[in-house]
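Given next are the chains, with one letter for each unit.
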Amino acid sequence: MTINTLSQDGVQRQQMPCLTKMERMIISMQDPDMGIKLRNQRLLITVIPHAMTGVDIVEWLIKKFSISDEEALHVGQLFIKYGYIYPLKEPRNLILKADDSSYRFQTPYYWMSTRWPASELDYAIYLAKKNIRKQGELIEYEKECYNALHKRINHTWDFVVMQAREQLRASKQRRKADRIVLECQEQAYWLVNRPPPGTQDSIDHGPERRTMNTRVQLNAEFYKKEIEHNRISLARNRVKSSICLESYVKYCEQYQPHDPIMQGCLPSNPWITDDIMFWNMTSETVALPTKLRVERWSFCFMELLNDPMGRKEFLTYLEKEFSAENLCFWQACEDVRHGETAKIPEKVDEVYKQFLAPGASRWVNIDSKTMEKTLEGLKRPHRFVLDDAQMHIYFLMKKDSYPRYLKSELYKNLLARAIVPQETKKSVFPFMRRQRHSSPSPALATQTAEDDGKAKNSNSNSGTASRL
Amino acid sequence: MEMAAQPSDTLATLKTESETLKTKLEEERAKLHDVELHQVAEKTEALGQFIMKTRRTLKGHGNKVLCLDWCKDKRRIVSSSQDGKVIVWDAFTTNKEHAVTMPCTWVMACAYAPSGCAVACGGLDNKCSVYPLSLDKNENLAAKKKSVAMHTNYLSACCFTNSDMQILTSSGDGTCALWDVESGQMLQSFHGHAADVLCLDLAPSETGNTFVSGGCDKKSCVWDMRTGQCVQSFETHESDINSVRYYPSGDAFASGSDDATCRLYDLRADREVAIYSKESIIFGASSVDFSLSGRLLFGGYNDYTINVWDVLKGTRVSILFGHENRVSTLRISPDGTAFCSGSWDHTLRVWA
């Protein structure tokens, strides 16, 4: 979310939808019938009109949006941070308190969307007014800003002082209550737009978007391409919602037992109990996998292939069926597709020699049409030259070998032997936190083998790799 | 043959033609929309009381945290911040394991390599660089840095594809690109967005050939990595799209936007199928991710909160407080045991 510094009109509003929404809420909060009940508030010896308490704000929000106390307080807090509501008694404390502290709505003149960015000139005039009105009223950071501005816009300083004097003179002619209200409003505006150092800056919005460096030319060619894309999209085959959406219900249901956040995980969630058993039991090299893990391989072929242990088991099965070359071929193709560009020709050549050449030791059975196309493509090897062949073998495995694997003794046996971990009992002494053990970093170690002997164990702060 | 009176007339005509087609497209898409997601999910059990707490707080960044990514080992995290620092943590012990200072500020993108041996990052330097991670305490990580991607505006997101050898990037220059890490060569570029591209996500599909991107043009686009073509696009958000994430099955993706909504788009139905919003949520969603089963959608928002949505029923399940400034990034851990959020309050939090 950024504010375009170049314009302050409708373009800016479009880029800050949150401000528009906040303003709509603010307006409904001030609705004479449905809004917050405003009353007079005594500030020292003056009576300020149209004030409300923190509780009023929170309760209105709770009722309007059916949210909790906590959320209502949070939403109300945002109005103060962005300068739409300001506190009366402690103006520098931009916090919403859910008690009888007094607050007022900021006048639209000072809304962030109306006056952004806050102008240096205005700030100079404001500080000058403070300085003139009462010597020593400027606090430290304001003094610094004042001096910095004096240097920077020195050429207009006469104008600044003149404006300040004029505004002070005009304000003296107002009723005391009005004057105090206007001073409060102005002060609130500057507390938001020129926050004291150390406090949060609400108007900080991050790097600019849609700058001059966004080189997309919205020219004829761009629109022609868009038109072409839309034409193709129109002709697309779509599936009925009732069919598509049902699949999400099924997917969520199937995976729910595997979702630690939804249903917990056994023996326990390491982040909650500090016990890493779960990770040890689900690691790549564990001797016996968990039941959930083996079950998951039956959900779809990708699940089996994505798990290195599953892949190994499947390879074992294929070896028994004398079709292991299919999986090996598929893996080799993956390596080509995702590997270094420079190594592609040599990798493709290897694949050809091992899997595709007549009489190859691990020849894969691809249909003649695909084989012909692939062999032709090999003359000029590129990253995707093996895609068709790979896809053919993938679907072969998926439709044929995979279902048979799931029915095989190998799989059923493993499933029967697979572990269902016992739930970790909660610690008898709840105040004793378990030691959080380090784990070996997957990063490459440049240390020599001798150094390994010196590596520390357990949760040291040295950050070196440890051996568990 | 049509005689163009002025070049601007033709441009205006083309623009109108495109808009008309877009409207027709939405009409076509609506025709097959015979039921809402929450209706289909009526018989699904409602979610009970939802309690998630901060289990770890990672302190160490001296400035706004902008991006994070998990390592495949399920416990390490790389994070990047406004002051140019990129830190690798063992989030479980909260120890910092590596730190790199980038030569630029606003490092908006970072990613962990699948092998766990390197990280990629970039931001206002318009580049994406890869740093191999070394365990040698004396080695300066910056020395082995490899400059991979070069855009003409800020780098907004990056991620490795299925290996350490290729990186996908998105940029404020309005394009995405695929790069070969070793040579720095651009393998494919993706043009079609009308403004800054802010986010991307790789599809978890069988054939692994597509990814989705979202941008300041309020559009999300699905791309064919091989051909560089945009295969599907959606334009229903009302403001910048800050985050896109695939549903675990790959049949849909969610997006989070400055319009304060998250939306779900089904790729087979070719349309938006759900909106996750609430009147009390005014600020934009900066980052979204699904729980492992896809039942929950976590959204980090610019109002410092995290909203948790029931993807099927469309309702909000919980709101998580804790961060003291914008939540800028949010990712679920690889095994779904927790999620991590990064914020402008300089911290990262792991929730479970």
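Rules used in this analysis
Residues numbered from 1 in each chain as written. Chains lettered and ligands numbered in written order. Predicted model: local features only at pLDDT ≥ 70, side-chain atom pairs only at ≥ 80, totals over all residues. Heavy atoms only, no water. Helix = DSSP H or I, 4+ residues; strand = E, 2+ residues; numbered from the N terminus. Rg over C-alpha atoms; globule rule 2.2 N^0.38 Å. Lys, Arg positive; Asp, Glu negative; His and termini not counted. Charge placed at Lys NZ, Arg CZ, Asp CG, Glu CD. Buried < 20%, exposed > 50% of the residue type's maximum accessible area, 1.4 Å probe, protein only. Areas by Shrake-Rupley, 256 points an atom, 1.4 Å probe, with all protein chains shown as cover. Axes fitted to C-alpha atoms, helices over the stretch in contact; angles between N-to-C directions. Parallel < 35°, antiparallel > 145°, perpendicular 65-115°, else oblique. Contact = heavy atoms within 4.5 Å. Nonpolar A, V, L, I, M, F, W, Y, C, P; charged D, E, K, R; others polar. pLDDT = per-residue confidence, 0-100. Pairing = 2+ DSSP bridges. Domains from an automatic or database assignment. Salt bridge = Lys/Arg side-chain N within 4 Å of Asp/Glu carboxyl O. UniProt positions renumbered as here; feature names shortened; annotations may be inferred. Buried area = accessible area lost by both parts, 1.4 Å probe. Polar contact = N/O pair within 3.5 Å; in protein donor to acceptor, adjacent residues only side chain to side chain. Patch = residues over 30% accessible without salt bridge, like charges linked within 9 Å, V, L, I, M, F, W, Y side chains within 5 Å.

Undergrad: Could you give an account of the overall build of chain B, with specific residues and numbers?
TA: Helices and strands together make up the secondary structure of chain B, namely 2 helices and 28 strands. In terms of C-alpha radius of gyration, chain B reaches 20 Å, essentially the compact-globule figure of 20 Å for 352 residues. Each charge class in chain B can be summarised by its mean position, and for the 36 positive and 44 negative side chains these summaries are 7 Å apart.

Undergrad: Any chance you could break down the overall build of chain A for me, citing the residues and the numbers?
TA: A count of helical and extended segments in chain A gives 22 helices and 4 strands. Counting all 468 residues of chain A, 46% fall into the buried class. With the model as given, the accessible surface of chain A reaches about 25,800 Å², and the carbon-plus-sulfur share is 54%.

Undergrad: Describe the packing of helix α2 (residues 17-29) of chain A against helix α3 (residues 54-65) of chain A, with residues and values.
TA: All names here are of chain A. Interhelical geometry of α2 versus α3 gives an angle of 105° and a closest axis separation of 12 Å. Regarding the angle of α2 to α3, the classification is roughly perpendicular. Residues M25, S28 and M29 of α2 touch α3, and the partners they reach there are I57, W60, K64 and F65. In terms of residue class, the contact of α2 with α3 is made up of 5 nonpolar, 1 polar and 1 charged.

Undergrad: So, the confidence of the model for chain B: which residues are in play, and what are the values?
TA: Looking at chain B, pLDDT values average 94 and 97% of them are 70 or higher. Model confidence for the complex: the whole-complex pTM is 0.92, and ipTM, which rates the interface, is 0.94.

Undergrad: Which residues make up the sheet that holds strand β22 (residues 285-290) of chain B, and what values do they have?
TA: Residues and elements named next belong to chain B. On the basis of which strands lie adjacent, the open sheet formed by 4 strands has the order β22-β23-β24-β25 and antiparallel pairing. The open sheet has two free edges, formed respectively by β22 and β25 (316-320), since each of these has just one partner strand. Averaged over all pairs of adjacent strands, the angle between their axes in this sheet comes to 20°, without regard to strand direction. In this structure, β22 lies alongside strand β23 (residues 296-301), joined through 5 bridges in antiparallel fashion. Directly across from S287, in β23, lies its bridge partner G300.

Undergrad: Requested: an account of the domain arrangement of chain A, with residues and values cited.
TA: Along its sequence, chain A is organised into domain 1 (15-115), domain 2 (116-201) and domain 3 (266-417). A straight line from the C-alpha centre of domain 2 of chain A to that of domain 3 of chain A covers 70 Å.

Undergrad: Outline the sheet that holds strand β20 (residues 262-266) of chain B, supporting the account with residue identities and numerical values.
TA: The strand order across the open sheet formed by 4 strands is β18-β19-β20-β21 (chain B), and the pairing between neighbours is antiparallel. The open sheet terminates on both sides in strands that have one partner only, identified here as β18 (241-246) and β21 (271-276) of chain B. With strand direction ignored, the average angle separating the axes of adjacent strands in the sheet is 25°. Where strand β19 (residues 252-257) of chain B meets β20 of chain B, 5 bridges bridge the pair, whose relative direction is antiparallel. Paired with A254 of chain B across the two strands is L264 of chain B, which belongs to β20 of chain B. Contacts between helix α10 (residues 241-255) of chain A and the sheet are confined to β19, β20 and β21 of chain B, with β20 of chain B contributing the most and set at about 115° to the helix.

Undergrad: Account for the pattern of salt bridges, naming residues and giving values.
TA: With the rule as written, the count across this model stands at 50 salt bridges over all chains. Two residues, D180 of chain B and R383 of chain A, come together in a salt bridge whose shortest N-O distance is 3.9 Å. Note that D180 of chain B is positioned in strand β12 (residues 176-180) and R383 of chain A in the loop between α19 (368-377) and α20 (387-407), a pairing that runs across two chains. Between D270 of chain B and R29 of chain B there is a salt bridge, with the nearest N and O atoms lying 3.0 Å from each other. Placement of D270 of chain B in the loop between β20 and β21 and of R29 of chain B in helix α1 (residues 7-31) is noted, with a sequence separation of 241 residues between them. Comparing D270 of chain B with R29 of chain B shows no difference in burial state: the two are buried.

Undergrad: Pulling in residues and values, what's your account of the pairing of strand β15 (residues 210-215) of chain B?
TA: Along any regular strand the residues' side chains alternate between the sheet's two faces. Residues and elements named next belong to chain B. Extensive coverage of β15 is indicated by the burial of 5 of its 6 residues. Across 5 bridges, the pairing between strand β14 (residues 197-202) and β15 is antiparallel. When the bridges of β15 are listed, L200 appears paired with S213. In the sheet, β15 pairs with strand β16 (residues 220-224) via 5 bridges, with the strands oriented antiparallel. Looking at the pairing, V212 lines up with V222 of β16. A loop of 4 residues connects β15 with β16, the two strands running antiparallel in sequence, and K218 in this loop sits at a positive phi of about 65°.

Undergrad: I'd love a proper account of the UniProt feature "repeat: WD" (unreviewed entry) in chain B, names of residues and values included.
TA: Residues and elements named next belong to chain B. As annotated in UniProt, the feature "repeat: WD" (unreviewed entry) corresponds to residues 58-99, 148-189, 190-233, 234-275, 287-319 and 320-352 in the numbering used here. Between the end C-alpha atoms of residues 58-99 the distance is 14 Å, and the span holds 0% helix and 60% strand. What you have in residues 234-275 is 0% helix and 55% strand, and the ends, taken at the C-alpha atoms, are 14 Å apart.

Undergrad: So what's going on with the interface of chain A and chain B? Residues and values would help.
TA: Taken together, the contacts link 107 residues of chain A with 137 residues of chain B. Summed over both sides, the interface of chain A with chain B buries roughly 10,400 Å², with 58% coming from carbon and sulfur. The three residues of chain A that bury the most area against chain B are Y248, I261 and W271 of chain A, which together make up 9% of that side's buried surface. Where chain A meets chain B, there are 12 salt bridges. In this structure, the salt-bridge partner of D240 of chain B is R209 of chain A, at a minimum N-O distance of 2.9 Å.

Undergrad: Quick rundown of the domain arrangement of chain B? Include the residues and the values.
TA: Residues and elements named next belong to chain B. Its domain assignment divides chain B into domain 1 (61-189) and domain 2 (192-323). Once you take the C-alpha centre of each, domain 1 and domain 2 turn out to be 22 Å apart. Counting from both sides, the interface comprises 17 residues of domain 1 and, opposite them, 14 residues of domain 2. Linking domain 1 to domain 2 there are 0 salt bridges. Remark: the boundary between domain 1 and domain 2 carries 4 residue pairs in polar contact (both at pLDDT 80 or more). For the side of domain 1 that touches domain 2, the secondary structure elements donating two or more residues are β10 (155-160), β11 (166-171), β12 and β13 (186-190). Split by residue class, the side of domain 1 that touches domain 2 holds 7 nonpolar, 10 polar and no charged.

Undergrad: Got a sec to walk through the packing of α20 of chain A against helix α21 (residues 409-417) of chain A? Specific residues and values, please.
TA: All names here are of chain A. Orientation of α20 relative to α21, taken along the N-to-C sense of each, is 45°, at an axis distance of 5 Å. By the angle between their axes, α20 is oblique relative to α21. From α20, Y405, L406 and K407 reach across to α21, where they touch E409, L410, Y411 and K412. Among the residues making up the contact of α20 with α21, the classes are represented as 4 nonpolar, no polar and 3 charged.

Undergrad: Got a sec to walk through the UniProt feature "domain: RGS" (unreviewed entry) in chain A? Specific residues and values, please.
TA: Under the feature "domain: RGS" (unreviewed entry), the UniProt entry names residues 300-415 of chain A. Overall, residues 300-415 of chain A shows 73% helix and 0% strand. The separation of its end C-alpha atoms is 16 Å.

Undergrad: Talk me through the UniProt feature "domain: G protein gamma" (unreviewed entry) in chain A; I want residue IDs and the actual numbers.
TA: Per the UniProt record, the feature "domain: G protein gamma" (unreviewed entry) sits at residues 223-303 of chain A. Between the end C-alpha atoms of residues 223-303 of chain A the distance is 41 Å, and the span holds 60% helix and 0% strand.

Undergrad: Break down a nonpolar patch on the surface for me, citing the residues and quoting the values.
TA: Taken together, the side chains of L121, F159 and M162 of chain A present a nonpolar region at the surface, about 260 Å² in accessible area. In this structure, L121 of chain A sits in helix α5 (residues 120-133).

Undergrad: Go over the confidence of the model for chain A, please, and point to the residues and values.
TA: Residue and element names in this part refer to chain A. Across chain A, the average pLDDT comes to 86, with 90% of residues at or above 70. For chain A, helix α22 (residues 449-452) is the element with the lowest average pLDDT, namely 38, and helix α14 (residues 291-296) is the one with the highest, namely 97. Within the model, the stretch residues 1-15 combines pLDDT values under 50 with 40 contacts to residues more than four positions away or in other chains. Low confidence marks residues 446-468, where pLDDT is under 50. Its contacts with residues over four positions away, or in another chain, come to 33 contacts.

Undergrad: Tell me about the side chain of E303 of chain A, and name the residues and values.
TA: Relative to the elements of secondary structure, E303 of chain A occurs in helix α15 (residues 301-306). In terms of polar contacts, E303 of chain A uses its side chain to reach the side chain of R296 of chain A, at 3.1 Å.

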